[in-house]
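# Remarks on the overall topology
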Amino acid sequence: MKKTALITGATSGIGKATAYEFAKHDINLILCGRRQERLDSIKRDLGGKTNEHILSIDVRNKNAVFKAIRSIPEDFKPIDILINNAGNAHGLDPIQNGDLDDWDAMMDINVKGLLYVSKAIIPQMTERKSGHIINIGSSAGKEVYPKGNVYCASKHAVIAITDGMRIDLNPFGIKVSAINPGLVETEFSKVRFKG
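So, a few notes on the structure that sits alongside this text. Bear in mind that the values here come from a model prediction, so they are computed numbers and not experimental data. (Residues numbered from 1 in each chain as written. Predicted model: local features only at pLDDT ≥ 70, side-chain atom pairs only at ≥ 80, totals over all residues. Heavy atoms only, no water.)

This part covers the overall build of the protein. Helix and strand counts for the protein stand at six helices and six strands. Taken from the N to the C terminus, the helices and strands of the protein come in the order β-α-β-α-β-α-β-α-β-α-β-α. For 195 residues, the compact-globule estimate of 2.2 N^0.38 gives 16 Å, and the protein sits close to it at 16 Å. Taking the principal axes of the C-alpha coordinates as reference, the protein spans close to 50 × 40 × 30 Å. Each of the 195 residues in the protein was classed as buried or not, and the buried ones make up 46%. Partitioning the intrachain contacts of the protein with sequence separation of at least 6 by distance along the chain shows that 65% fall at a separation of at least 24. One finds the centroid of the 27 positive side-chain charges in the protein at a distance of 2 Å from the centroid of its 22 negative side-chain charges. (Helix = DSSP H or I, 4+ residues; strand = E, 2+ residues; numbered from the N terminus. Rg over C-alpha atoms; globule rule 2.2 N^0.38 Å. Buried < 20%, exposed > 50% of the residue type's maximum accessible area, 1.4 Å probe, protein only. Contact = heavy atoms within 4.5 Å. Lys, Arg positive; Asp, Glu negative; His and termini not counted. Charge placed at Lys NZ, Arg CZ, Asp CG, Glu CD.)

Turning to the environment of Phe172, a few remarks are in order. Following the sequence through the fold, Phe172 ends up in the loop between α5 (149–169) and β6 (175–179). For the pair Phe172 and Ser130, spaced 42 residues apart in the sequence, the C-alpha separation amounts to 6.8 Å.

As a further point, take the sheet that holds strand β3 (residues 52–56). Taken together, the six strands give an open sheet; going across it, the order is β3-β2-β1-β4-β5-β6, and neighbouring strands pair in parallel fashion. Of all strands in the sheet, those bounded by a partner on one side alone are β3 and β6. Adjacent strand axes in the sheet meet at a mean angle of 15 degrees when their direction is disregarded. Of the pairings in the sheet, the one linking strand β2 (residues 28–33) to β3 comprises five bridges and is parallel in character. In the strand pairing of β3, Cys32 is matched with Leu55. Strands β1 (4–7), β2, β4 (81–84) and β5 (132–136) of the sheet are contacted by helix α1 (residues 13–24), whose axis makes an angle of about 165 degrees with β1. (Pairing = 2+ DSSP bridges. Axes fitted to C-alpha atoms, helices over the stretch in contact; angles between N-to-C directions.)

Let's shift gears to the pattern of salt bridges. What the rule picks out here adds up to six salt bridges. When the shortest N-O distance is used, the salt bridge between Asp58 and Arg60 registers 2.8 Å. The exposure class of Asp58 is partly exposed, given its relative accessible area of 22%. (Salt bridge = Lys/Arg side-chain N within 4 Å of Asp/Glu carboxyl O.)

Below, the discussion takes up the pairing of β6. In terms of strand pairing, β5 meets β6 through five bridges, oriented parallel. Bridging across to β6, Ile134 finds its partner in Ser177. Note on the crossover from β5 through α5 to β6: the handedness is right-handed. (Right-handed = clockwise from strand over helix to strand, strands pointing away.)

The next thing to look at is empty space enclosed by the protein. Tallying each qualifying case throughout the model produces two cavities of 30 Å³ or more. By volume, the largest cavity amounts to about 90 Å³. Considering the residues around the largest cavity, the lining is formed by 15 residues, among which His90, Gly91, Asp93, Met106 and Asn149 are closest to the centre. Among the elements of the structure, α4 (100–128) and α5 are those that each provide at least two residues to the lining of the largest cavity. Per-class residue counts for the lining of the largest cavity are five nonpolar, five polar and five charged. In this model, the second largest cavity occupies a volume close to 70 Å³. (1 Å grid on protein atoms, 1.4 Å probe; cavity = no way out; pocket = protein on both sides within 12 Å on 5 of 7 lines; lining within 4 Å. Points joined across faces, edges and corners; volume = space filled by probe spheres on them. Nonpolar A, V, L, I, M, F, W, Y, C, P; charged D, E, K, R; others polar.)

Below, the discussion takes up helix α2 (residues 36–46). Here α2 has its buried residues at Leu39, Ile42 and Leu46. On an axial view of α2, the arc spanned by its buried residues comes to 65 degrees, and they lie on one face. Exposed side chains of α2 directed beyond 90 degrees from the buried face belong to Glu37 and Arg44. Packing partners of the buried residues in α2 comprise α1, β2 and β3. Where α2 terminates, the next one or two residues include Gly47, which has phi positive at roughly 50 degrees. (Arc of directions from axis to C-beta.)

Next up, the structure:
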């Protein structure tokens, strides 16, 4: 039976690359992102290489996340693999000059968004006693660099959440992994420096 993967942040970077790789392996895809036009473009580009369903959601919006997960068609259930990839970095300021809106965006997407999506999907995995959750962290979750204060904190949180999930979900046979990339070719800097 074909597996189904849900990927957040699927409109660019690591999430998009993961979607294309999974399509090669005939995995059903639920592609999530904020930018509808990019989701449509990826779906067109995949051109039926596998079955795709798109969800235009902002993971910061708790109610929208739960509503979107409930709306997934039966053909795309159960979700076997969850890739928590949605994330961002805003600003590169020393802590004393940090922008509160930047801080909120990083914590809301990188930490709370990961938790909301996981909370919406984990119950079906625990019921089946199977599944794999892969949280995309960062090398910034292992080290702290100058002016990376809140971003690094958010990625340290991803590692801690992953470790806690692994302990809590192990009795259910659910695998939990983290991938903590360093420098990769994405839109990271465009987002961080607001263009």
